[in-house]
Amino acid sequence: MNVFHSGDMVRIAEGEKDFGKIYMIKEIKKIRKGGNLYLLKSLEDDSLRLYYEHEESVLEKIA
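What this report covers is the structure whose coordinates are included nearby.

Definitions and limits used
Numbers given to residues run from 1 along each chain, matching the order in which its sequence is written. Local features are withheld for residues below a pLDDT of 70 in this predicted model, meaning they are given only at 70 or higher, and side-chain atom pairs are given and counted only at 80 or more; totals for whole chains, interfaces and linings count all residues. By convention in this description, side-chain values take in all heavy atoms of the structure and omit both hydrogens and water. Here, any two strands with at least 2 DSSP bridges between them count as paired. Strands are runs of DSSP state E lasting at least two residues, helices are runs of H or I lasting at least four, and both sets are numbered from the N terminus onward.

Describing the pairing of strand β2 (residues 22–30)
Working step 1: Both strand β1 (residues 9–12) and β2 contribute to a ladder of three bridges, which runs antiparallel. Along β2, the bridge assignment pairs Val-10 with Tyr-23.
Working step 2: Across seven bridges, β2 lies against strand β3 (residues 36–42) in antiparallel orientation. Counted as the bridge partner of Glu-27 is Leu-39 from β3.
Working step 3: Between β2 and the antiparallel strand that follows it, β3, lie five residues; Gly-34 among them carries a positive phi value of about 110°.

As structure tokens, this is what we get:
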């Protein structure tokens, strides 16, 4: 799994309609079953999104 921190810029690299959308990580919570839950804030339209990361993560860090 990749290591992300609050304030990192990321993109969800799944085959969905918002593929190119860039988010900033606002908050990270560890989940008991394993993995992390991220609160992501869109840089384009000020919307918030919850994203669950597990072994097959599809978050990409933007340099």
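From this point, the discussion proceeds with the structure in view.
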